[in-house]
Amino acid sequence: MAKASRDARQSPRKVGSANTGAACSGCVSDPGPLIGRDRELEAIREHLLGDQVRLLTLTGPGGIGKTRLALAVAADLQAAFRDGVWCVDLGPLHAPSDVDAAIGQALGIEETQPQSERVSAHLKDRHALLVLDGFEHLLPAAARVADLLAGSPRLKVLVTSREPLNLHVEHRLLLAGLGLPDPRSPDPATVARAPAASLFLEHARRVQPDFALTPEDARALVELLHRLDGIPLAIRIAAARSNALPPAAMLSRLRGQELLSTEGARDVPARHHTLREAIEWSYGLLSGEEPAVFRKLGVFVGGWTLDAAEALIQDPHLTSPLWRTLGLLVDKSLVQADAAGEGGRYRMLEPIREYALERLGERGEVDAIRGRHAEYFATLVEQAEAKFWGPQESEWFHRLEADHENLRAALRWAAERDDGDLGLRLAGGLAEFWVNLGYLPEGRGAVEDALARAAGAPPHLRAKALAGAGSMALWQGDYMAAKMLLQDALALADKRDAPRTATVLSRLGVAAGLQGDVRAAQDLQERSLALYRQADDPRGMAFALLHLGRTFSRLGNFGRAEELLTEGLTLNGKGGNTRAAALIKANLAQIKLKRRDGAGAATLASESLRLARELDHRRALTYVVMITALLSAQGGDDERAVRLLSAVDTWTERTGELGAGDHDPGAYADLRTRARRQLGDPGYDAATAEGRAMSVEQVVDMAQACLDPIARGDARAAAPETAPRPRSPLSDREQQVLRLIAEGLPNKQIASALGIAERTVKAHVTSAMNKLGVDNRAHAAVQALQRGLL
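Parameters at a glance
- Residues numbered from 1 in each chain as written.
- Predicted model: local features only at pLDDT ≥ 70, side-chain atom pairs only at ≥ 80, totals over all residues.
- Heavy atoms only, no water.
- Buried < 20%, exposed > 50% of the residue type's maximum accessible area, 1.4 Å probe, protein only.
- Helix = DSSP H or I, 4+ residues; strand = E, 2+ residues; numbered from the N terminus.
- Pairing = 2+ DSSP bridges.
- Core = buried A, V, L, I, M, F, W, Y, C linked by side-chain atoms within 4.5 Å.
- Contact = heavy atoms within 4.5 Å.
- Axes fitted to C-alpha atoms, helices over the stretch in contact; angles between N-to-C directions.
- Salt bridge = Lys/Arg side-chain N within 4 Å of Asp/Glu carboxyl O.
- Expected span 1.5 Å × (residues − 1).

Asks: Looking at this structure, I do not really get the pairing of strand β3 (residues 128-133). What am I missing?
Replies: Remember that side chains alternate between the two faces of the sheet whenever the strand is regular. In terms of residue burial, β3 counts as a mostly covered element, since six of its six residues are buried. Where strand β2 (residues 85-89) lies against β3, five bridges are found, and the strand directions are parallel. Bridged to Val88 within β3 is Leu132. Judged from the six bridges that link them, β3 and strand β4 (residues 155-161) form a sheet pairing that is parallel.

Asks: Would you explain the nonpolar core in this entry?
Replies: General note: in soluble globular proteins, nonpolar side chains tend to be found buried as a group. Ranked by internal contacts, the top residues of the largest apolar core, which has 195 residues, are Ile44, Leu158, Phe200, Phe294, Leu297, Trp304 and Trp434. Among the elements that take part in this core, helix α31 (residues 618-634) stands out by supplying eleven residues, more than any other. Contacts of Trp434, omitting those with residues within four sequence positions, involve His404, Leu411, Ala427, Tyr439, Leu440, Glu442, Gly443, Ala446, Val447 and Met472. The next biggest cluster of nonpolar side chains, apart from the first, holds 28 residues, and it includes Ile109, Leu132, Leu149 and Leu165.

Asks: Quick question: what am I supposed to make of the sheet that holds strand β1 (residues 55-59) here?
Replies: By definition, the strands of a sheet pair up through backbone hydrogen bonds, in either a parallel or an antiparallel sense. With parallel pairing, the five strands of this open sheet are ordered in space as β2-β3-β4-β1-β5. With one partner strand each, in any of the chains shown, β2 and β5 (170-174) form the two edges of the open sheet. Here the average twist between neighbouring strands, direction ignored, is 20°. Relative to β4, β1 runs parallel, the two sharing five bridges. Note that in β4 the partner of Leu56 across the bridge is Leu158. Its contacts with the sheet place helix α4 (residues 99-107) against β2 and β3, and it is angled at close to 135° to β2.

Asks: Is there a simple way to explain the side chain of Lys585 in this structure?
Replies: Looking at where Lys585 falls in the secondary structure, it is placed in helix α29 (residues 578-594). The class of Lys585 is buried, set by a relative accessible area of 17%. Residues contacting Lys585, with those up to four places away along its chain left out, are Leu569, Leu604, Glu607, Ser608 and Leu611.

Asks: Which parts of the structure should I look at to understand the pattern of salt bridges?
Replies: Proximity of charged atoms lets side chains of opposite charge pair with each other. Throughout the structure, instances matching the rule amount to 47 salt bridges. Here Glu202 and Arg206 are joined by a salt bridge, their closest N and O atoms 3.4 Å apart. In this pair, Glu202 and Arg206 are both assigned in helix α8 (residues 195-207), four residues apart and thus about one turn of the helix distant. The exposure class of Glu202 is partly exposed, given its relative accessible area of 28%. When its relative accessible area of 41% is taken as the criterion, Arg206 is described as partly exposed. Between Arg408 and Glu405 there is a salt bridge whose closest N-O contact spans 2.7 Å. Highlighted residues: Arg408 and Glu405, both in helix α20 (residues 404-416), separated by three residues, approximately one helical turn. Residue classification places Arg408 among the partly exposed residues on the basis of a relative accessible area of 23%. The partly exposed category is assigned to Glu405, whose relative accessible area is 35%. Overlapping salt bridges, with partners in common, bring together Glu393, Glu432, Arg507 and Arg579 in one network.

Asks: Which parts of the structure should I look at to understand the environment of Gly573?
Replies: Its location among the elements puts Gly573 in helix α28 (residues 558-575). What makes Gly573 exposed here is its relative accessible area of 60%. Spatially, the C-alpha atom of Gly573 lies 8.8 Å from that of Arg539, the residues being 34 residues apart in sequence.

Asks: How do you make sense of helix α9 (residues 215-227) when you look at a structure like this?
Replies: Three- or four-residue spacings in an α-helix give side chains the same orientation, since the helix completes a turn every 3.6 residues. An ideal rise of 1.5 Å per residue puts 18 Å on 13 residues; α9 measures up with 19 Å between its terminal C-alpha atoms. Asp217, Ala218, Ala220, Leu221, Val222, Leu224, Leu225 and Arg227 are the residues of α9 that are buried. Downstream of α9 by a residue or two, Asp229 has a phi angle that is positive, lying close to 55°.

Asks: How should I be thinking about unusual backbone geometry in this particular structure?
Replies: Excluding glycine, residues mostly have negative phi values, and the peptide bonds linking residues are mostly trans. If you check the backbone angles, Asn166 has positive phi at about 60° while not being a glycine. Take Asn166: it is sitting in the loop between β4 and β5. Of note, the phi angle at Asp536 is positive, near 50°, even though the residue is not glycine. Within the element layout of this structure, Asp536 appears in the loop between α26 (518-534) and α27 (538-554). Residue Asp536 is classed as exposed on the basis of its relative accessible area, which comes to 61%.

Shown next, in the form of structure tokens:
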């Protein structure tokens, strides 16, 4: 008998009842409960118990849990196969010709030659399931599996392999990593319910029985599990170290080579002792051009497209089309295809990517490939910039979002190389993306870092980056910095580039308006609009009209504001910009709301919400959700209103962006005060907590469900309360100031919100204090609220 068959006999293990045998060498003696694989287990049952599937191959990368799942299937289906369920571990075999001998050994067939005939005869009339575990290095023997199936009409075969057998009778099931916890909900109880976390906890408690997740550990564990991509082998290896390292310490230490080389359990096949051995086993099976392509693909972070791979791998010695080599790497479970067809994406699981990078480094190829990677994504950003303001804007924002990790990697490369021009091409070009998708702190930091490294860069690159940094500072509420950055951008702008100059002027106008200088804002927006008209730029004119309309709204001239916004919406139809349409409709909705037209406000807000959702434009979503909160409160649903406002609070805290209540902050202060009075402290606090815990999708769904009935007239859009209030000794402006004091705003922010000077705010506060007989501003606000004077 061949050596491989003797190896296969070393640790036989019976699984099943008296009429069922399963010999499996190298199996884990106590694999523990099968966690997070209920759907896969049910799918395999359906396949193998149905009439259509004779051969099912479980594929996936090393360590993903194929063997563990196959053993669970073998145990689960014992009673379904009259003549037995048999498991054969093919891992120790060295040659395809040894497969028959290993199967014969598992079946208990005497070792007489020719063995293949004896196996075929033994299985010919049997109703049995044959589990062949670890087939990837024996693929020439696939034809033998086809022969067995052809000669045994009641036989079913379940194969585990990192690569499919490519037989016409084969059905495949790709095994992915375990379900990961949501990083937006890092509380310990929620994290522990995710399958990947459940597996970690199961194995952590084997080495530390009292292991429990603290809030800090839960947050670190979420990041660790995402880094491990839910690979069960990687999770078990990490969990085995939890008696010495808590998740936070593990996350900072187990990276790269250290993580790949950390040892796991000893009672598993040698190729699964460490992550490195699991991946190395697959790497060793590559041939031809596959290893070189595999190594270079390791520089992509978070995935790539075929176009990106072709730009990166420009090797004249490659003889096969790259798409074909990529397909082979997918078949071998070293690359995953996330979507099929044109525009589809590929990715590597993170531990596999780190192994590929390590191999690339051994050959001294990292610098050249990373440089090519950064140049590709800088060019991609420049292509996207030209599309940001047109009908394809949404598509390009989503494309950059898909490649956000690659863009971050390219920025890191530019910083490491101290390549200021490359850094500005990336960071300056990404400013609009960062602004509109809510990455303000990250984006502003990246742009300012690139500017600091590129003092001698061409003026047009610096001007673009300065304008981007100014925009992000603006939406963070850092008005002084925004003004300085935008003025520097204006000084460097090419006067022949009217649209670029107009954009900077418009943003300076927004800054002036948010600082309370509404007349300066009007002047700057009108100058911006004139330049856009001169350039015959409908897209630019639409945005200038949007901001000019907002300025007139701040002045209380709602009629003129509505005219300007409507003109902007008409012009935008020529450019087809989703972002402009969403923002203009949101601002028109605000005006309808001020005019007590609840149905009109709801109609426009609903249309804006659908557009903003398509683009994932966080600022437009914020505007609409806040409008919906006001409509909801007017309809008597204070609880929903508080949930919506609290969700917005969470968004703005996370992104560092201003809220959207700059038109009428007093209205939102009134809403919160009234809601607390109606709901009581416990009810108000509960609604606040619920809103903060909601996902963006949940909030948008809630807002849409509120707006549509009001727009149809199916639900009452109640006007503000009309019950008589006690006659107030306070002027309207004093009431506005005290409402904002009650909300916790300092005088400087009140001045900005109301468009008045800070000294004027102080005068109103002093007057109100005198009228109410109190000696400080906080007492004045409390007195006014308690007496119903606001």
